Amino acid sequence: MSPVNPSDDAAAARAVVDDSGTLREWNEGARLLLGHSAADVVGRPAARLLADGAEGAAPGPGDERWSGTLALRHRDGRAVSVWVLAHRRPPEDGGPGTWLAVAPLYQGPEHPDDPLVRAALTQSPCATMIFDDRLRLRGVNDAMARLLGLPADRLRGLRPTDIGSRPHHAELERHMRQVLATGRGHDMHTHLKATGESRAHAWHARVAPLTDTDGRVRGICVSAHDFTEQHLARERLQLVNEASVRIGTTLDVTRTAQELADVCVPTLADFVSVDLLDPQEHADEPPVVPTPPVGLRRSAHQSVNPGCPEAVAEPGRLDFYPAGSPQAECLVAGRAIVAAVPSGDLERWRQWDPVRVGRVEEYGIHSTMSVPLQARGTTLGVAVFTRHQRPYPFTDDDRLLAEEVTARAAVCIDNARRYSRERETTLTLQRSLLPRWLPPTAAVEAASRYLPAARSGVGGDWFDVIPLSGMRVAMVVGDVVGHGIQASATMGRLRTAVRTLADIDLTPDELLTHLDDLVVRLSEESGDNGAGEVGATCLYAVYDPVSRRCSLARAGHPPPVLVPPDGPPRQIELPSGPPLGVGGLPFESAELELREGSVLALCTDGLIESRDRDADTGQALLREALAGPGESLDATCDRVLRALLPSGGAADGRGPHRRAGTQTGWKIQLRTPFSQLGRAGRRRAAPPGLNDVALMGRWCSAGRHRRCSARSTRPGTCGPELWTHVVNVFVPMSSPWARGMAPERLPAEIRAGSRGRCRR
């Protein structure tokens, strides 16, 4: 017989009986034992094989194994006393369960000088079984007999699958055949609940070959070691390691609480709920030691059952726990509280929460463990661990493990709460510093979108539209490096500086030069050692609706995109100046002509850059989104955000240069001024087709001072000899006057909407 398949069908009598008592299988060993062939007995009641008057205790409804001596009827009519081992086999393919009954026929030598048994018992330090090269059991030591719960002298001659029908018996027999074929040992791990034990233990089985003096494999020694403690310690270490990786992946309180529940189910508990204390209205921190009744808000829960049917409270619900409840007790004591239903610890719940007690009885919850969430001396809430599918209660090791995991989660939850408070403060500061609306101007139509970063925090992006003298409009987009309150405060200072510098009519390159000096001074004032260095990028543009020229300069900022009225979008090539804060390097301006109806799109790098794409790809997507059908600027902004930002509507703010995108578009609409000169203080009637005549204004005829009063009828400080009188009228584009008038024919000094005082 080949050692690869050493099964000896005649070494033991085997019969399969279904739950109705009908014989389904009958092997050759059974024929040798009782003389009946398979055709004589298969399909007939197994009770007919009992000898007349034979009695025996049948297995109970819940029994998985039965053993005993039976008097069976031989084919020749005589009674045969046979020791039978029967065990239930799991159903296959949804069919009914069956019983496998075996009786050993070959037991080998009975004297204690069997060389295989003596060698194995001498060398084996633990529970041991010895098999020959046909996988027939030759002997077991006392430790293995106690583990199996069967008499050692009755097991000789049986194979592993005869002793039991569980999956690990078939796996053991498969590994034994492999060892016989290769001559190399094999290790096997399994969980097994021994006879008389309430919980399964972790076992490490070593399947080793037994060889003779010539090196030939003559048998197999199976040694089993109980390494439950080592296995549990490894599981606890793995859970702690998994908690450190999976808990705290975001700075969101609810998400972090859910990660705590997900990690602990089913490794530690069958159901886990996380309830948090609400932050105090007039304090930044919850109370250090809560006093009952304690109000806890459900933040997350998880269960081994789909849908978490054990949960009494839905996420977001606020419940109050009185004194005596495990939640309140663990918060007051500051330590974990383990409660067991059989000991009556949960009976007092009936007085204040009969619904919860009903759920406990419905699902058979027998053990709970309430662990406070504490971080930095502050109590944040409580995590409740529950068992109902596992039959054994929580142990001291489970309590220590739960405290370790919840301590890590509490730090993450506290970090998330601190971040949420800081983010809200920063958002409030930033909203107060950014324009709440874009000022209406006669030269341009503007729309903008600003989305703070969802992950890395609020950054220092800003934008503005600044009306200038003579209907000119300044447009600016900037980006301060960094996140948080410091970046928002710096952004506010730079925005104020830009408005101040724009008010004195500096060219874009001059304005960026002054702004660069300011950033350098801010960096020097912020501290030594470079800890408070300030950096920023900026794009500044000034549009003149009379000449239809736009001057632009940038300091390390992404270039704008121009959408002409009758052409595809294109990126404007601008000299790339250094970022603000470098100091000492020049900036250059560029000038281009913008026709009426042109769209100019300005953005920060957070809109076009992300972890998944570079700036060039983002610019291409931006141009593609801007090439859509002509709509309002608001609709265009929304289309751009949908095309470039990830699902959820917020830019990925990871990294110092990947903040939420600020996207601002200015649609250039030329509103032609109709001007007539006249005497001082004299008003002229509006030409036909015009509805409103603007106020009488004054303009410095010398062209040296462009910011003269447009409302005052008194001369400015330049003197009366330098003043002429101007009537400024806004002409609708639909007016025939606008269609027949060329703007370039008007004097360059005449500009509608002038404001301010005349300056020398």
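Here's a quick rundown of the structure. (Residues numbered from 1 in each chain as written. Predicted model: local features only at pLDDT ≥ 70, side-chain atom pairs only at ≥ 80, totals over all residues. Heavy atoms only, no water.)

With that settled, consider the overall build of the protein chain. Summing up its helical and strand segments, the protein chain has 18 helices and 30 strands in all. The proportion of buried residues among the 760 residues of the protein chain is 48%. If you take every contact in the protein chain between residues at least 6 apart in sequence, the share linking residues at least 24 apart comes to 63%. Here the protein chain has roughly 36400 Å² of accessible surface; of this, 50% comes from carbon and sulfur atoms. (Helix = DSSP H or I, 4+ residues; strand = E, 2+ residues; numbered from the N terminus. Buried < 20%, exposed > 50% of the residue type's maximum accessible area, 1.4 Å probe, protein only. Contact = heavy atoms within 4.5 Å. Areas by Shrake-Rupley, 256 points an atom, 1.4 Å probe, with all protein chains shown as cover.)

With that out of the way, let us pick up the environment of Leu 633. Take Leu 633: it is sitting in helix H17 (residues 633–644). Since its relative accessible area comes to 5%, Leu 633 is described here as buried. For the pair Leu 633 and Ala 447, spaced 186 residues apart in the sequence, the C-alpha separation amounts to 5.8 Å.

Strand order in the open sheet made by the 5 strands is E7-E6-E10-E9-E8, with antiparallel pairing throughout. Only two strands of the sheet have a single partner each, and these edge strands are strand E7 (137–140) and strand E8 (186–192). The average angle at which neighbouring strand axes cross in this sheet is 20°, direction not considered. Two strands pair when backbone bridges link them, and E8 and strand E9 (residues 201–211) are joined in this way by 7 bridges, in the antiparallel orientation. Bridged to Leu 192 within E9 is His 201. In the packing of helix H7 (residues 167–182) onto the sheet, contacts are made with strand E6 (127–132), E8, E9 and strand E10 (217–226), and the angle to E8 comes to roughly 170°. (Pairing = 2+ DSSP bridges. Axes fitted to C-alpha atoms, helices over the stretch in contact; angles between N-to-C directions.)

Cis geometry is adopted by the peptide bond preceding Pro 266, which originates at Val 265 and carries an omega value of 5°. Tracing the backbone through its elements, the reader meets Pro 266 in the loop between helix H9 (253–264) and strand E11 (271–277). Residues Pro 292 and Pro 293 are joined by a peptide bond in cis, for which omega reads -10°. The residue Pro 293 is located in the loop between E11 and strand E12 (294–303) in this model. The backbone of Cys 308 shows a phi angle near 50°, a positive value even though the residue is not glycine.

Before going further, it helps to examine the environment of Arg 418. With respect to the element layout, Arg 418 can be found in helix H12 (residues 396–433). With relative accessibility at 35%, the residue Arg 418 sits in the partly exposed group.

The antiparallel open sheet is built from 5 strands, whose spatial order is E2-E1-E5-E4-E3. Each edge of the sheet is formed by a strand with only one pairing partner; in this case those strands are strand E2 (23–26) and strand E3 (65–73). Each neighbouring strand pair of the sheet contributes to a mean axis angle of 30°, computed without reference to strand direction. Two strands pair when backbone bridges link them, and E3 and strand E4 (residues 79–89) are joined in this way by 9 bridges, in the antiparallel orientation.

Our focus in this paragraph is the pairing of strand E1 (residues 12–18). The buried fraction of E1 is high, at 7 of 7 residues. In this antiparallel pair of consecutive strands, E1 and E2, the connection spans 4 residues, and Gly 21 shows a positive phi of 90°.

The next subject is H17. Side chains that are three or four residues apart share a direction in an α-helix, a result of its 3.6 residues per turn. With 12 residues, H17 extends 16 Å between its outermost C-alpha atoms, agreeing within 8% with the 16 Å of an ideal straight helix rising 1.5 Å per residue. Among the residues making up H17, those that are buried are Leu 633, Thr 636, Cys 637, Arg 639, Val 640, Leu 641 and Leu 644. (Expected span 1.5 Å × (residues − 1).)

Bringing the pattern of salt bridges into the picture now. Under the counting rule described, the total for this entry stands at 35 salt bridges. Across the pair Arg 218 and Asp 212 runs a salt bridge, and its minimum N-O distance is 3.6 Å. Given the relative accessible area of 43%, Arg 218 is considered partly exposed. Put simply, Asp 414 and Arg 376 hold a salt bridge, and the shortest N to O gap is 2.3 Å. Here Asp 414, found in helix H12, pairs with Arg 376, found in the loop between strand E15 (367–375) and strand E16 (378–387); they are 38 residues apart in sequence, far enough to count as distant. For Asp 414, a relative accessible area of 1% translates into the label buried. Ionic contacts of the salt-bridge type, sharing partners, join the residues Asp 212, Asp 214, Arg 216 and Arg 218 into one network. (Salt bridge = Lys/Arg side-chain N within 4 Å of Asp/Glu carboxyl O.)

Residues Trp 462, Leu 494, Tyr 540 and Cys 550 are the most contacted members of the largest nonpolar core, which totals 52 residues. Mapped onto this core, the elements with two or more residues apiece are strand E17 (444–450), strand E18 (459–467), strand E19 (473–483), helix H13 (485–502), helix H14 (508–525), strand E20 (536–544), strand E21 (549–555) and strand E26 (599–603). What Cys 550 contacts, discounting residues up to four positions off in sequence, is Met 475, Ala 541, Val 542, Tyr 543, Ala 590, Glu 591, Leu 592, Leu 594 and Leu 600. (Core = buried A, V, L, I, M, F, W, Y, C linked by side-chain atoms within 4.5 Å.)

The interhelical angle for the contact between helix H8 (residues 228–246) and H9, taken along N-to-C directions, is 155°, at an axis separation of 10 Å. Here H8 lies roughly antiparallel to H9, going by the angle between them. For the pair H8 and H9, the sense of crossing is right-handed. Facing Leu 239, Ala 243 and Arg 246 of H8, the residues of H9 in contact are Glu 259, Asp 262 and Val 263. In terms of residue class, the contact of H8 with H9 is made up of 3 nonpolar, no polar and 3 charged. (Parallel < 35°, antiparallel > 145°, perpendicular 65-115°, else oblique. Left-handed = near helix turned anticlockwise from the far one by under 90°. Nonpolar A, V, L, I, M, F, W, Y, C, P; charged D, E, K, R; others polar.)

In short, geometric facts, not functional conclusions.
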